[in-house]
Amino acid sequence: METDRRKHYIVMTNRSKDPGLGVTRYICRFLEERGCGCTVFADNESADQIRLREAAQEEAASCIIVLGGDGTMLKAARETAESGIPLLGVNLGTVGYLAEVEPAALDVSLEQLVNGDYTVEERMMLTAQILRGEDCADVEQAAGCLEKGSAFCTQTGRETAVQALNDVSITRKGTLQIIAFRVRVNGQILSSYGADGIVIATPTGSTGYNMSAGGPIVEPGADLILLTPICPHTLSARSIVLCPQDEVVVEIGVRTPGVIQEVEVNFDGSGLTTLRSGDRIRVTRSPGTTSIVRLSEAGFLERLHRKMDG
């Protein structure tokens, strides 16, 4: 079978997972021997991330091959979200729910990729907007949590919109304390309680922090939003499954009069910002999606069993 020589691939490598770039070079040789083009990004610096985004937008790449673990996959998703180019993860980390390809199966997997023997799954994402005090977003502070120039962060008027493929997690900051949360869904009060935090997750992120906090595991192709409290100080707080069209607003309350509480907000475990009492975060479904290459015919439950028991 003659390979289409117009195919081009972008390889994004987490250098700490492939320190000598041995796996990266092997993949490039494999692709080039089959008449394919290859562009590598492995510096893990802000300038390299900017070049990666530019390449994803300008080059007609067939796929972005991501070497690392799930963290690297999430980083690639946010850096190239606007390109629509599908991602294929090579697992050089530990569990690797998103990074499907194991090093032992690299040759077979790359051959499938070049031959077009794969499917593409579309994964829903979340958009989070920081609201400071009286509906006024501190754009500079919110954007400062992210890499300079990141496509992960876009500004809309006075608000900063941040995308996440896995989850938006709100956790306590500093000393051991219970945080007062007020949760609204579509403008209606859902619940008020004290907890260590809250995870708002997509189906893709259901096997991450959401699962560790006791939330349900969901088939990643589903369309829904998961809301899971972290160590709630109540007997009634439970995970809630919401419609994908729902708008979730979490407000940081005051547990002790006169004492300002602070929390940390993480987007896919990476971008970080701080909220204080009176601040809110609004989470909705993102209009964009992340495309994930699937080479195996194994279903989600089979993959989950293999990863968790492996």
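First, a word on what this report is: a plain description of the structure on this page. (Residues numbered from 1 in each chain as written. Predicted model: local features only at pLDDT ≥ 70, side-chain atom pairs only at ≥ 80, totals over all residues. Heavy atoms only, no water.)

### Considerations on the overall build of the protein
- Within the protein, the secondary structure is distributed over seven helices and 17 strands.
- Expressed as a percentage of the 310 residues in the protein, the buried residues total 53%.
- In the protein, the share of contacts with a sequence separation of at least 24, taken over all contacts with a separation of at least 6, comes to 70%.
- In the structure as shown, the protein presents an accessible area of about 14,000 Å², 49% of it carried by carbon and sulfur atoms. (Helix = DSSP H or I, 4+ residues; strand = E, 2+ residues; numbered from the N terminus. Buried < 20%, exposed > 50% of the residue type's maximum accessible area, 1.4 Å probe, protein only. Contact = heavy atoms within 4.5 Å. Areas by Shrake-Rupley, 256 points an atom, 1.4 Å probe, with all protein chains shown as cover.)

### What about the pattern of salt bridges?
- Applying the stated criterion to the full structure yields 13 salt bridges.
- Put simply, D223 and R285 hold a salt bridge, and the shortest N to O gap is 3.4 Å. Taken together, the residues D223 in the loop between α6 (209-212) and β12 (225-230) and R285 in strand β17 (residues 280-294) connect sequence positions 62 residues apart.
- The exposure class assigned to R285 is partly exposed, which follows from its relative accessible area of 32%. (Salt bridge = Lys/Arg side-chain N within 4 Å of Asp/Glu carboxyl O.)

### Concerning the environment of P232
- Here P232 is to be found in the loop between β12 and β13 (240-242).
- Between the C-alpha atom of P232 and that of I179, which follows or precedes it by 53 residues, the distance is 9.4 Å.
- For P232, the contacting residues outside a window of four places in its chain are G194, A195 and A237.

### Notes on the nonpolar core
- Ranked by size, the top nonpolar core spans 29 residues in total, and within it I200, V250 and I281 carry the most contacts.
- For I281, the contacting residues outside a window of four places in its chain are A128, Q129, I130, V168, I170, V248, V249, V250, V265, F267 and L275.
- Membership of the second largest hydrophobic core comes to 20 residues, among which are C63, I65, L113 and V114. (Core = buried A, V, L, I, M, F, W, Y, C linked by side-chain atoms within 4.5 Å.)

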